[in-house]
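Observations on chain architecture
So you can see what is in the structure, the chains are spelled out below.
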Amino acid sequence: MGIRRNIVYIILLSALSFIIMPFFSAFIFFQSNIDEGIKSLILSLFPFFLSFAVFSAIYWKAEKESIFDLLKNGKKMDRRIILLVAVILILFFSLQFAAEKESIRANDAEKRLIALSFILSAFLLFFQIAVEEMIFRIFFYRIIRNKAFYAIFTSLLFALLHSANPEVGYSPFLIMLYYFLSALLLSIMVLITDSFEASLVYHYLNNFFIAVILKSSSGKTSLNSYALFINDSNFSPAKAVLSIAVLLLILTGALLALKRRDYGKKEKEE
């Protein structure tokens, strides 16, 4: 696959999808019949839908294969990896939810807004995650030969490009460290599995939980939506960093154990 010769071409042309965003934003902004929260959600996620569409068209033209082939890295999806990451993350979030249940309440917003926000988020978050993973993980994984440099560089870049998010205001150093460790975990997943399903599943479920299931009552978040539940406790950047550090250790260990098991079976067969 000649992805190297087309990487700059693909990234530059895919950015054209954002050129029409001022016109789309103006149209949405002046629609008085659309709820403000829904407007904010659409404006924050819809650009990724456009970018994904342009990515797909350009990649097909350049490489003669679908964008989903790129996401699969030319391999068959390993359902065990997807299940392992999903189960660990869901259990982890469930434990966090249970630990803070005293400060968690059901969202008292209109049910139609919660339902609409749920549907829009579940759909549009896929495109946000796919675009971010293609840029930060997939393309750089293909073009950077030194994988240690790949992991550090993409993690720093990911953190820097999220530095304008509202939650950074809580504690710039700790929140940037949280973003760095999150990106490092995603890059390590790619390196261990030599595929992208683990990082895609983790990234999607993480953002889905933050945007759709439980959000802070402070409102300081880049994903503004009507979540099912509201957490009234004070947000702790230190806890966020500790949580991602624990997840990094658990998921890295679990994926390494799975790969070691596969390697052992292969050796026995030979």
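So, how was this worked out
- Per chain, residues are indexed from 1 in the order of the written sequence.
- Local features in this predicted model are restricted to residues whose pLDDT is 70 or higher, and side-chain atom pairs enter the listing and the counts only when it is 80 or higher, whereas totals over whole chains, interfaces and linings include all residues.
- Here the side-chain values reflect all heavy atoms present in the structure, with hydrogen atoms and water set aside.
- Two strands make a pair as long as DSSP finds a minimum of two bridges between them.
- We count a stretch as a helix when DSSP gives it H or I for four or more residues in a row; a strand needs E for two or more, and each element gets its number in order from the N terminus.
- Note on geometry: axes are C-alpha line fits, over the in-contact stretch for helices, and angles between N-to-C directions span 0 to 180 degrees.
- The contact rule is simple, with two residues in contact once any of their heavy atoms fall within 4.5 Å.
- By convention in these notes, a salt bridge is any Lys or Arg side-chain nitrogen within 4 Å of a carboxyl oxygen on Asp or Glu.

Going by the annotation in an unreviewed UniProt entry, the name recorded for the chain is CPBP family intramembrane metalloprotease, with Candidatus Ornithospirochaeta avicola given as the source organism.

Taking strand neighbours across the sheet as the criterion, the three strands line up as β1-β3-β2 in an open arrangement whose pairing is mixed. The sheet is open, and its two borders are formed by β1 (104-106) and β2 (214-216), each paired with just one other strand. Neighbour-to-neighbour, the strand axes of this sheet turn through a mean angle of 30°, independent of strand direction. Direction of pairing for β2 relative to strand β3 (residues 229-231): parallel, over a ladder of three bridges. Opposite Leu 214, over in β3, you have Phe 229 as the bridge partner.

Let us look at the environment of Ser 225. Residue position: Ser 225 is located in the loop between β2 and β3. Here Ser 225 is in contact with Leu 41, Ser 117, Ser 121, Ala 211, Val 212 and Lys 215, once residues within four sequence places are set aside.

The subject of this paragraph is the pattern of salt bridges. Enumeration according to the criterion identifies four salt bridges in this entry. A salt bridge links Asp 78 to Arg 80; the nearest nitrogen and oxygen atoms lie 3.0 Å apart. Close ionic contact of Glu 133 with Arg 137 constitutes a salt bridge, the shortest N to O distance being 2.8 Å. Taken together, the residues span about one helical turn, with Glu 133 and Arg 137 both in helix α6 (residues 111-143) at a distance of four residues.

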